[in-house]
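# Chain and residue survey
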Amino acid sequence: MTPFPERVFSGMQPTGNLHLGNYLGAMINWVKMQATHECIYCVVDLHAITIKHDPATLVGDIRELTAAYLACGLDPQKSIIFNQSQVSQHAELAWIFNCIARLGWLNRMTQFKEKAGKDREKASTGLFVYPNLMAADILAYKATHVPVGEDQKQHLELSRDIAQKFNNDFAASIADHGYGEAYFPLPEPMITGPATRVMSLRDGQAKMSKSDASDNSRINMTDDADAIAQKFRKARTDPEPLPSEPGGLEERPEADNLVGIYAALAGTSKESVLKEFGGAQFSVFKPALSELAVEKLAPIGAEMRRLQADASYIDAVLGDGAERASALARPVLDGAKDVLGLLRTRK
Ligand code: AQP
């Protein structure tokens, strides 16, 4: 396979309610990767319109998510930060991928089934082909590494299948155009955050999620100290004290989740959390967890509020990022068109 230079791409939807799972599962990793890689971080607003949305709030949600990126430590000098709809190559490449991906592949996507719910016939076709747009987001930059939470593993596999099929189906044309053996890399999922699957505070079997109707199920990045303490106080648990070894968390999903959150926030392991709290009741552990969460999240929330008050700064970051992203994506899309045999008369 042609070697591709390492490049990181990831994104989040501006659908509000950014939560601790998004932070621990993805964002923490994104920040770290800036030190070692060329990184591109996108606010994927075209994905946000695959479900019912309110045009009156979307712009604010885009700015809020951008403020969260910056407040968590993404640096627009080091990384490219932009919103997807300002770089038209994403949508164009997604159309090409609509013609590459097979219906059977998309029919297997569990996230579509969950999000479409019982009334699948009423889901938008955009929601169905969402993974093709995600593949385009990544491959428009020939990105090689994609840091995400565990729930995105299946979509990443589909991105790899699309890249592989494009490379196989058009191998001769790819070689004729001087691109060697492969036009697109097979992007690697990086599911390596401190907590790749943070669970709901109300149900240890369900993922913490933006769309859960219960706000008590998640810690939002904008929650204040009182809300955080109240949500952890109300978090579902069992009546047993904490065990002193991680093995004792098996069959105790709620306890396992809270210990995992503590470990991720403290930058340590579950084992060392249990060394400290083994034998303790939740009445002792939950306040300690709240205190730690407030210590880590309050500065981020405050910085988000400060940045959000300056919409022109946020817009300038996104505008500059979109220019830089377009400059990278344009030749990739042009090359894909050449490989497909489409005629380009405009430079
Ligand atoms: N609970 C989670 N634990 C760890 N990582 C998580 N992620 C999401 N939930 C958890 C990761 O965060 C990023 C969010 O990407 P997105 O905004 O495109 O996804 P989304 O579907 O809008 O966000 P949610 O929170 O998953 O909302 P729901 O469940 O309502 O659809 C991804 O990297 C994801 O893996």
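As a starting point, this report considers the structure included with it. Each chain carries its own residue numbering, running from 1 in the direction its sequence is written. This being a predicted model, a pLDDT of at least 70 is required before a residue's local features are given, and a value of 80 or more before pairs of side-chain atoms are given or counted; all residues contribute to the totals for chains, interfaces and linings. Neither water nor hydrogens contribute to the side-chain values; these are computed over all heavy atoms in the structure.

### As for helix α13 (residues 270–277)
- Partly exposed describes any residue whose relative accessible area lies between the buried limit of under 20% and the exposed limit of over 50%, with all areas from a 1.4 Å probe on protein chains only and scaled to the type maximum. Numbering of helices and strands runs from the N terminus, with a helix taken as a DSSP run of H or I at least four residues long and a strand as a DSSP run of E at least two residues long. Taken together, the buried positions of α13 are occupied by V273, L274 and F277. Down the axis, α13 shows its buried residues gathered within 95 degrees of arc, on one side only. Structural note: α13 exposes K275 and E276 on the side pointing more than 90 degrees away from its buried face.
- Contacts are assigned to residue pairs that have any heavy atoms within 4.5 Å of one another. On the buried face of α13, the contacting elements are α12 (253–266) and α14 (282–308).
- Backbone geometry just downstream of α13 places G279 in the positive-phi region, at approximately 90 degrees. Arc definition: directions from the helix axis to the C-beta atoms.

### Concerning the packing of aromatic side chains
- Ring geometry is summarised as follows: Phe, Tyr and Trp rings, the Trp one being its six-membered ring, pair when their centres sit within 6.5 Å, and such pairs are stacked at plane angles under 30 degrees, edge-to-face over 60 and tilted between the two. Per the stated rule, a full pass over the model turns up 14 aromatic pairs.
- Plain terms: the ring middles of Y183 and F184 are 4.8 Å apart, the flat faces sit at 80 degrees to each other, and that makes the pair edge-to-face.
- Residue F184 is classed as buried on the basis of its relative accessible area, which comes to 0%.
- Chaining the aromatic ring pairs together yields one cluster made of F97, F166, F170, Y179, Y183 and F184.
- For a Lys NZ or an Arg CZ to count as sitting over a ring, it must be within 6 Å of the ring centre and within 35 degrees of the ring normal. Positioned above the aromatic ring of Y183 is the side chain of K142, whose terminal nitrogen or guanidinium carbon lies 3.6 Å from the ring centre.

### Some points on the site of the ligand
- One heavy atom within 4 Å of a molecule or strand makes the whole residue count as near it. In the region of the ligand, 23 residues are neighbours, and H19, D151, K207, K210 and S211 sit closest.
- Here a polar contact is taken to be a pair of N or O atoms separated by no more than 3.5 Å, where protein atoms must pair a possible hydrogen donor with a possible acceptor and residues adjacent in sequence count only if both atoms sit in side chains. Within the contact set of the ligand, a nitrogen atom lies 2.8 Å away from a backbone nitrogen or oxygen of V198.
- Taking S211, its side chain carries an N or O atom lying 2.4 Å from an oxygen atom of the ligand.
- Using a 1.4 Å probe, accessible areas were evaluated by the Shrake-Rupley method; residue-level cover was limited to the displayed protein chains. Contact with the protein chains covers 96% of the free accessible surface of the ligand, which is 640 Å².
- Here the shell around the ligand gets four residues from one element, more than from any other, and that element is helix α1 (residues 20–33).
- Any residue outside Ala, Val, Leu, Ile, Met, Phe, Trp, Tyr, Cys, Pro, Asp, Glu, Lys and Arg is labelled polar, Gly included; the first ten of those are nonpolar and the last four are charged. Looking at the shell around the ligand residue by residue, the classes come out as seven nonpolar, eleven polar and five charged.

### So, the side chain of N167
- Within the secondary structure, N167 sits in helix α9 (residues 153–169).
- One polar contact links the side chain of N167 to the main-chain amide nitrogen of Y183, over a distance of 2.9 Å.

### Observations regarding the pairing of strand β1 (residues 8–12)
- In terms of burial, β1 is largely enclosed, as four of its five residues are buried.
- Two elements, β1 and strand β2 (residues 39–43), share five bridges in a ladder whose sense is parallel. In the sheet register, S10 faces β2, and the bridge partner there is Y41.
- Considered for its hand, the β-α-β crossover made up of β1, α1 and β2 is right-handed. One bridge is not enough; two strands pair if DSSP finds at least two bridges between them. Looking down the strands as they point away from you, a crossover is right-handed if its path from the first strand over the helix to the second goes clockwise.

### Section: the nonpolar core
- In this text, buried Ala, Val, Leu, Ile, Met, Phe, Trp, Tyr and Cys residues form a nonpolar core when linked through side-chain atoms within 4.5 Å. Formed by 62 residues in total, the largest nonpolar core has its most connected members in L20, Y23, L24, Y69, F232, I261 and F285.
- Residues contacting F232, with those up to four places away along its chain left out, are L201, I219, L258, I261, K286, L289, S290 and A293.
- By size, the runner-up hydrophobic cluster in this structure holds 47 residues, among which are I40, V87, L133 and L156.

### Describing the side chain of R7
- The topology assignment puts R7 in the segment before β1.
- A distance of 2.7 Å separates a polar atom in the side chain of R7 from the backbone oxygen of Y141.
- Excluding residues within four positions of it along the chain, R7 makes contact with E38, I40, Y141, A143, T144, H145 and L328.

### Structural notes on the state of the cysteines
- Any pair of cysteine sulfurs within 2.5 Å is marked as a disulfide. The final tally for this structure, using the stated rule, is zero disulfides.
- For the unlinked cysteine C42, the closest cysteine sulfur is that of C39, found at 14 Å.
- What makes C42 buried here is its relative accessible area of 0%.
- Unpaired in terms of disulfides, C72 finds its nearest cysteine sulfur in C39, a separation of 15 Å.
- Residue class for C72 comes out buried when judged on its relative accessible area of 12%.

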